[in-house]
Number of protein chains: 2
Amino acid sequence: MSKLSIPQGMRDFPAGMVRKREYIFSRIRKVFELYGFHPLETPAMENLETLMGKYGEEGDKLIFRVLNNGLNDPRNIEKSKQGFEKLLEGKNSPDVTERALKYDLTIPFARYVAMNHGQITFPHKRYQIQPVWRADRPQKGRYREFTQCDADVVGSRSMLNEIELTAIYHDVFFALGITQYNLSVNSRKILAALADLCGGKEKLIDITIAIDKLDKIGLEKVNVELFSRGLNEKQVTVINTFLSISGTNQERIQAVKNLFSKNELAEEGIAEIEYLIKNSKGINIQFDLTLARGLNYYTGIIFEAKAPESVKIGSIGGGGRYDDLTGLFGVPGIPGVGISFGVDRIYDVMEELNLFPEGLQKGTPVLFTNLGEEEVTYCMPLMHQLRKANIGCELYHEKAKLDKQFKYAHKSGTGYCIVIGSNELAGKLATVKDLTTGHQETMSSDTLISYLSTRIKNTNE
Amino acid sequence: MSKLSIPQGMRDFPAGMVRKREYIFSRIRKVFELYGFHPLETPAMENLETLMGKYGEEGDKLIFRVLNNGLNDPRNIEKSKQGFEKLLEGKNSPDVTERALKYDLTIPFARYVAMNHGQITFPHKRYQIQPVWRADRPQKGRYREFTQCDADVVGSRSMLNEIELTAIYHDVFFALGITQYNLSVNSRKILAALADLCGGKEKLIDITIAIDKLDKIGLEKVNVELFSRGLNEKQVTVINTFLSISGTNQERIQAVKNLFSKNELAEEGIAEIEYLIKNSKGINIQFDLTLARGLNYYTGIIFEAKAPESVKIGSIGGGGRYDDLTGLFGVPGIPGVGISFGVDRIYDVMEELNLFPEGLQKGTPVLFTNLGEEEVTYCMPLMHQLRKANIGCELYHEKAKLDKQFKYAHKSGTGYCIVIGSNELAGKLATVKDLTTGHQETMSSDTLISYLSTRIKNTNE
């Protein structure tokens, strides 16, 4: 007998959760489509070498690798042995593991674009809603299998894309009822200018990695990290000045301009921030200089969406511009920009704020009771008609006492029971019981559909 | 630079394919819901021990196992070494691989039911539409990642379930336009009776495995296999008599009755087949004695749906009744019955028979041209209005010659271009060009939405 459990950090989704998740997906999907994005799906597995080295050293360790099959086949066994040795040294070996589960949607998308760039019409706008896998330590809100919803435009340097993506954040969160979300933007160009000011470009990664932790560990520990990464007192002071800039967006923009006089990168970055804010009317954007984002491939505007303050959940989306992601796969010169929604956290936000609609279907709308063979024969064509009218229904699976059948209906969330007994048989009638109100009504079987149609709405659209 | 490829037997699905697949899924999902089935999703990975030993020896070899992370961690390295030794002996080792990708949806469902049987209301009707993974040799129509669509009822022995599942096959295939499908049924009880007649129950698996290959290898080779599995001349003759039964359903039923006089199992099986056929009016069911199905857990009615004869694709669905699947996980006494749709093959059938509707969305319905900053500012609120009216639209990403923008629109499958030039700006107008007909019309920007709404239908529903 096998042990009854599922892998740590992974989840079963019973019907109620699937419907709530689908409620989120369908709204995100709809907004993506309205903005001219089109779907893409890539396999769960990629070649291991497609993924390795793209997520930093820490990321690489969290990639789930898949064992090759036939390792103990006599023809493979020598290679398998050598491959295992390599694995034990912390290296990869295609003789033992060639494939891995995808860690995010961005790198597989870059691989797809690089592979198919001859056939793709640019700019190419795609969205992708698929699970990804990370061997992270599971904790509240962090799973080893979770779903990402990404929208990216590749093949365009235009800031119009950033404006559209900002509007997508707004439309999606409003569609879900999360109207108090916070959207922060910053620019990697400004951070690069900060690195310039602190001893050179090569400090950029150190600075962004440290700043990215500000929320979690606080300024003091960020400074410790900056020192440990080789920045000196003076440089850390500059960074602290930068991080302490506050006020309205306008005040922040002015302060940054003052700090970086005549730095070309900073000027570009600031101009982009100004342009984005100016063209995103009615959308609450915060120019946030402490926003850094962990991933190294960003080169321009970066985004982060956070849950409303009242919910202690933090980031529910992020993204940014990257200049050369497909360059990793030998196809340079395809710039892009993208955003992502963290669906699992959005789900938690919506649960906490009670934002899922009451009406999301629970059980089957209609249950026909089963009082015997003759009654079943009478019910069958009625059920057929109901389904033709898009009303979901089922028949109790066996002859049983009505009590038992009602109990099943209640437990499984049925809306209406149709009771067919000898009276109903004789008079070609149907008795409808509304399980919410308890109200019961007997009618001609011909009027059953119109009676139910006006009362049952398909709430899963 | 990484090599540009994806793992063998796996596929990227670009927009057109995603939409066609979603067309199939949504129709299957709708029928499942109309029959009172509710969704379930289980993780991509299961504990390896949940899967091992459930699919026969051949199946076990095709399971994709996932490497544990941290194998070369000093605390693990000794165990990892020992684990690898076991792997090389063809055994499993949880020290190296604890998890595996799911191989089908049935075993994870049985695991789910066994784990949650205390909370589940029985009969429990679930559907599941998710990918599964098999390290099979890829070939036409056979992939290493493919999607299964399953509907199962557990916790009921009633034949009403088989009747409903038969109707689901019919409704789904009709909804997809595959009206010439073939649905075969047989009963494992009848096959068990055949085993009785041929030397005892323990021959059942040998007989079903051999008969299951009839389609592929022909009767002669089936007989060779039967001999090699220890059946004697007389027994093989009985099996050949059985397999040669033909005629109408009624004639076949009579012939089986004659062959198995006074065998209780056979009588039960035949009664069930008769009941199913009698209660499936308007549905073309073939009682097919050569239908066996490979999996060992079936115990009653078995189903197989085949593509229309004109398409050489074969099986596009299958299923059957099983008495005790959760018993594998220590929770006995929960009988069930289920069916499955092979979506990847259904896709191929529909392509071959040209059954996908013309109207499935290709590109974005509307493209606004971009002739400069002022025009963009004029377009933005119009785009906002269109999206509010559920019309998808995008703005060409940069100022460019109209020619270039039209070319992009054509290549990316846009329906209508909205041209905004100095004339349109001055008069608050919009020029609409229908890219299919070439027809062009200038109108007040106020009437744009109603003009487009009547022309653009949302074809992805």
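Keep in mind that this is a model prediction, so the values were computed, not measured.

Student: Which parts of the structure should I look at to understand the pattern of salt bridges?
Tutor: Two side chains with opposite charge may pair up if their charged atoms get near one another. All names here are of chain B. Here the structure, examined in full by the defined rule, presents 52 salt bridges over all chains. Measuring nitrogen to oxygen at the nearest pair gives 3.9 Å for the salt bridge that ties K201 to D196. Classification of K201 as exposed rests on a relative accessible area of 61%. Overall, D196 belongs to the partly exposed group, its relative accessible area being 32%.

Student: Help me understand unusual backbone geometry, please; the structure alone is not making it clear to me.
Tutor: Note that the residue after F122 of chain A, namely P123 of chain A, is joined by a cis bond; omega there is -10°. Structurally, the position occupied by P123 of chain A is in the loop between α5 (106–116) and β5 (124–133). At K428 of chain A, a position not held by glycine, the phi torsion is positive, near 50°. Along the chain, K428 of chain A falls in the loop between α16 (422–427) and β15 (429–434). By relative accessible area, which is 59% here, K428 of chain A ends up exposed. Positive phi outside glycine occurs at K262 of chain B, with the angle close to 65°. As for its position among the elements, K262 of chain B is in the loop between α11 (249–259) and α12 (264–278). Among the residues examined, K262 of chain B registers a relative accessible area of 80% and is labelled exposed.

Student: Would you explain the environment of G330 of chain B in this entry?
Tutor: With respect to the helices and strands, G330 of chain B occurs in the loop between β10 (315–322) and β11 (336–342). Considering only alpha carbons, one finds G330 of chain B and M115 of chain B, 215 residues apart in sequence, at a separation of 9.6 Å.

Student: Please clarify how the sheet that holds strand β14 (residues 416–419) of chain B should be interpreted in this entry.
Tutor: Sheet strands pair via backbone hydrogen bonds, and the direction of the pair is either parallel or antiparallel. Residues and elements named next belong to chain B. Sheet architecture is open: five strands sit in the order β13-β12-β14-β15-β16, paired in mixed fashion. The open sheet terminates on both sides in strands that have one partner only, identified here as β13 (393–395) and β16 (440–444). For this sheet, the mean angle separating the axes of adjacent strands, direction not counted, is 25°. Where strand β12 (residues 366–368) meets β13, three bridges bridge the pair, whose relative direction is parallel. If you follow F368 over to β13, its bridge partner there is L395.

Here is what the cut-offs are and how they apply
- Residues numbered from 1 in each chain as written.
- Chains lettered and ligands numbered in written order.
- Predicted model: local features only at pLDDT ≥ 70, side-chain atom pairs only at ≥ 80, totals over all residues.
- Heavy atoms only, no water.
- Salt bridge = Lys/Arg side-chain N within 4 Å of Asp/Glu carboxyl O.
- Buried < 20%, exposed > 50% of the residue type's maximum accessible area, 1.4 Å probe, protein only.
- Helix = DSSP H or I, 4+ residues; strand = E, 2+ residues; numbered from the N terminus.
- Pairing = 2+ DSSP bridges.
- Axes fitted to C-alpha atoms, helices over the stretch in contact; angles between N-to-C directions.

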